[in-house]
Amino acid sequence: MTGPRYPDLIAKLPSTVPFVGPEVQERQRGAPFRARLGANESVFGPSPFAVAAMQDAAGLCWQYADATNHDLIRAIAERMEVRPDNIIIGEGIDGLLGYLVRLLVAPGDPVVTSDGAYPTFNYHVVGFGGTLHKVPFHKDHEDIDALMAKAAEVEAKLVYLSNPDNPMGSWHSGAKIEKALDALPDGTLLLLDEAYIEFAPEGTAPNIDADDPRVIRMRTFSKAMGMAGARVGYGIGAPALIKSFDKVRNHFGMSRISQAGALAAFEDTAWLDEVVTLVADARSRIASIARANRLTPLPSATNFVTVDCGRDGDFAKAVLAGLIDEGVFVRMPFVSPGNRAIRISAGRPADLDILEEALPRALETARG
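Within each chain, residue numbers correspond to sequence positions counted from 1 in written order. At least 70 in pLDDT is required for a residue's local features to be given in this predicted model, at least 80 for side-chain atom pairs to be given and counted, and no such filter applies to totals for whole chains, interfaces and linings, which use all residues. No hydrogens and no water enter the side-chain calculation; it runs on all heavy atoms of the structure.

Filter applied, for reference: UniProt positions are given in the numbering used here, feature names are shortened, and annotations may be inferred rather than shown by experiment.
Under an unreviewed UniProt entry, the protein chain has the name Histidinol-phosphate aminotransferase and belongs to Marivita lacus. The heading Sequence similarities (unreviewed entry) in the UniProt record of the protein chain holds the text "Belongs to the class-II pyridoxal-phosphate-dependent aminotransferase family."

What follows is the structure, encoded as C-alpha cells:
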C-alpha cells in the first residue's frame, strides 16, 4: 500500500509555514499573551459598521458569495478613480500573491526581491518552482535601484517591492518609484505591495496609471481597516492582467461575511481616519519606551515600530524571547542586519503599559 505520488518539486519542499502564529506560541508556553503586539494587526478593530454588516451577513452564510465581488469592486474603483476592470479581489494580499505567482512563474523562472522582505511572497515563488534572486536592504530601506538592476541582469518575470516596507517600517517617495519604472526591464512586472499605505506620509503612493501593464499594486483590509481575520485584499492593475486572474483564482474564495464587512469598512472613512491617528499615537509611545530603555526606534510609516536593539541578531532574539516570557508577543526581522531589531505593533494604551513594564526585564535578562 502506497501514499500519494507527489511531483518532484513538492516532494523537495519543506513542510513549513512563513510565520509561527501567536496561538501556536500560546499553546507552547501554556499561557495566553498579555499583549498581542507582533502580527501588525489592528488591535483597534474594524469599523462598527463593518461588524454590524458581518453580523447581518452571517445569517446568509448558507449562500455562496458573489463570485464576481461586484459591489466591493465597484466601491473600490469609484474611490480609486479607476474602472472596475482594474480591480481584483482576493483572500488578503497573501492569496493574491499566490494567484499572481501561479499566473507568471514557471519552474526555473527568475524572480527578484529584497533579502529579508515579506517571506510569504518567497513561499509562493518557491512553491511554484521559481528561482529567487535577492538584493540586500540599503540603510534599512529596500534598494529600488538594486532591485531594478538585478531584474535586468536575470531577466526577471516579477519584482517584489513593498512600500512602506515590512519588516523595517521604512518607505520611499512615490516619485522615486515612478522614476524607477524607467529602469524596469521589458516583460518584467513590478509587484508593489502597499499593505501599509494608509499610515504613510502624503506622497508615498506613486501616481501610476492603473492601465500601466508594468505594475500591479496590492492593498489590504487587514491593517488599517482591522479585518485581518476576514481575509480581504485587492489588486489594481491593467485590465488584461486583472482578467487573467480568472484563470487561476478560487472563484468562491471570498465569503459573504467578508464581502459585506469589507464594503462597510471601505465606506467608513471616519473610522479609518481615527485608527490612523491612534496608530500614530501608539508609534510615538513605542518610540518613547524604546528610547527610555536605551534602544533606537527606526522611523516608521506603518502600524509598527522596528526597534534597533543595538547589538546583533542573537541579542535581539534574546530580547524577543524575554518579552515572550513576560507575556508580550512581538516579532523580529529574519535577515541580517535587520535582525538586530525587534518589531512592535501599535497597541492600545493598556497594551503599551504592559510593554513598558516588561521591556526592562527582558533587556536585563538578555544582557545577562
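Text resumes after the structure shown.
## Observations regarding the overall build of the protein chain
How we decide: Each helix corresponds to a stretch of at least 4 residues labelled H or I by DSSP, and each strand to a stretch of at least 2 residues labelled E; elements are numbered beginning at the N terminus. Each radius of gyration is computed over the set of C-alpha atoms, and the globule rule expresses the reference value as 2.2 Å times the number of residues to the power 0.38. Throughout this description, buried means an accessible area under 20% of the type-specific maximum (1.4 Å probe, protein chains only), exposed means over 50%, and partly exposed covers the range between. The contact criterion used throughout is that any non-hydrogen atoms of two residues lie within 4.5 Å. Using the Shrake-Rupley algorithm and a 1.4 Å probe, accessible areas are obtained, with residue cover drawn only from the displayed protein chains.
Scanning the protein chain for helices and strands turns up 13 helices and 12 strands. At 21 Å, the protein chain has a C-alpha radius of gyration in line with the 21 Å of a compact globule built from 368 residues. The buried share among the 368 residues of the protein chain stands at 54%. Contacts in the protein chain between residues at least 24 apart in sequence constitute 74% of all its contacts with a sequence separation of at least 6. Approximately 16,900 Å² of the protein chain is accessible, and the part contributed by carbon and sulfur atoms is 54%.

## Some points on the sheet that holds strand β8 (residues 233-237)
How we decide: Paired strands are those between which DSSP finds at least two bridges. Fitted lines through C-alpha atoms give the axes, limited to the stretch in contact for helices. The angle between two N-to-C directions lies from 0 to 180 degrees.
The mixed open sheet is built from 7 strands, whose spatial order is β2-β8-β7-β6-β5-β3-β4. Edge strands, defined here as strands with exactly one partner in the open sheet, are β2 (87-90) and β4 (131-135). The mean inter-strand angle of the sheet, taken between neighbouring strand axes irrespective of direction, is 20°. Sheet topology note: the strand β7 (residues 215-220)/β8 ladder contains 5 bridges and is antiparallel. Note that in β8 the partner of Arg 217 across the bridge is Ile 236.

## Re the pairing of β4
Strand direction decides the pairing type here: strand β3 (residues 110-114) and β4, joined by 5 bridges, are parallel. Considered in β4, the bridge of Thr 113 is made with Lys 134.

## Quick word on the pattern of salt bridges
What counts is decided by this rule: Take a side-chain nitrogen of Lys or Arg and a carboxyl oxygen of Asp or Glu: if they are within 4 Å of each other, that pair is a salt bridge.
If you walk through the whole model with that rule in mind, you get 21 salt bridges. Where Asp 140 meets Arg 340, a salt bridge forms, and the shortest distance between an N and an O atom there is 2.8 Å. Placement of the pair is Asp 140 in the loop between β4 and α7 (144-154) and Arg 340 in the loop between β11 (328-329) and β12 (341-345), with a sequence separation of 200 residues. Across the pair, exposure class does not vary: Asp 140 and Arg 340 are buried alike. The partner of Arg 361 in a salt bridge is Glu 326, with the nearest N and O atoms 2.8 Å apart. With a gap of 35 residues between them, Arg 361 in helix α13 (residues 349-367) and Glu 326 in the loop between α12 (313-325) and β11 connect regions that are remote in the sequence. A relative accessible area of 35% means that Arg 361 is categorised as partly exposed. Shared partners join several salt bridges into a network, and the residues in it are Arg 34, Glu 326, Glu 357 and Arg 361.

## Focus: the layout of surface pockets
To find leftover empty space, one rolls a probe the size of a water molecule over the atoms. Put simply, the rule is: Any residue with an atom within 4 Å of a point lines the site, the site being either a cavity, points on a 1 Å grid over the protein atoms alone where a 1.4 Å probe fits but cannot get out, or a pocket, an open set with protein on both sides within 12 Å along at least 5 of 7 lines. Grid points are joined across faces, edges and corners, and a volume is the space filled by probe spheres set on the points. Note on residue classes: Ala, Val, Leu, Ile, Met, Phe, Trp, Tyr, Cys and Pro are nonpolar, Asp, Glu, Lys and Arg are charged, and everything else, Gly too, is polar.
Taken as a whole, the largest pocket encloses approximately 620 Å³ of empty space. Taken together, 29 residues form the lining of the largest pocket, with Phe 19, Ala 39, Asp 94, Tyr 118 and Lys 223 sitting closest to its centre. Among the elements of the structure, α2 (22-29), α5 (92-104) and β5 (158-162) are those that each provide at least two residues to the lining of the largest pocket. In terms of residues, the lining of the largest pocket owes the most to one element, α5, which gives 3 residues. Taken together, the residues of the lining of the largest pocket break down into 11 nonpolar, 9 polar and 9 charged. Size it by volume and the second largest pocket reaches roughly 530 Å³. As for the second largest pocket, its lining consists of 26 residues, of which Met 80, Ile 197, Ala 205, Arg 217 and Arg 219 are closest to the centre. The residue inventory of the lining of the second largest pocket, partitioned by class, reads 15 nonpolar, 4 polar and 7 charged.

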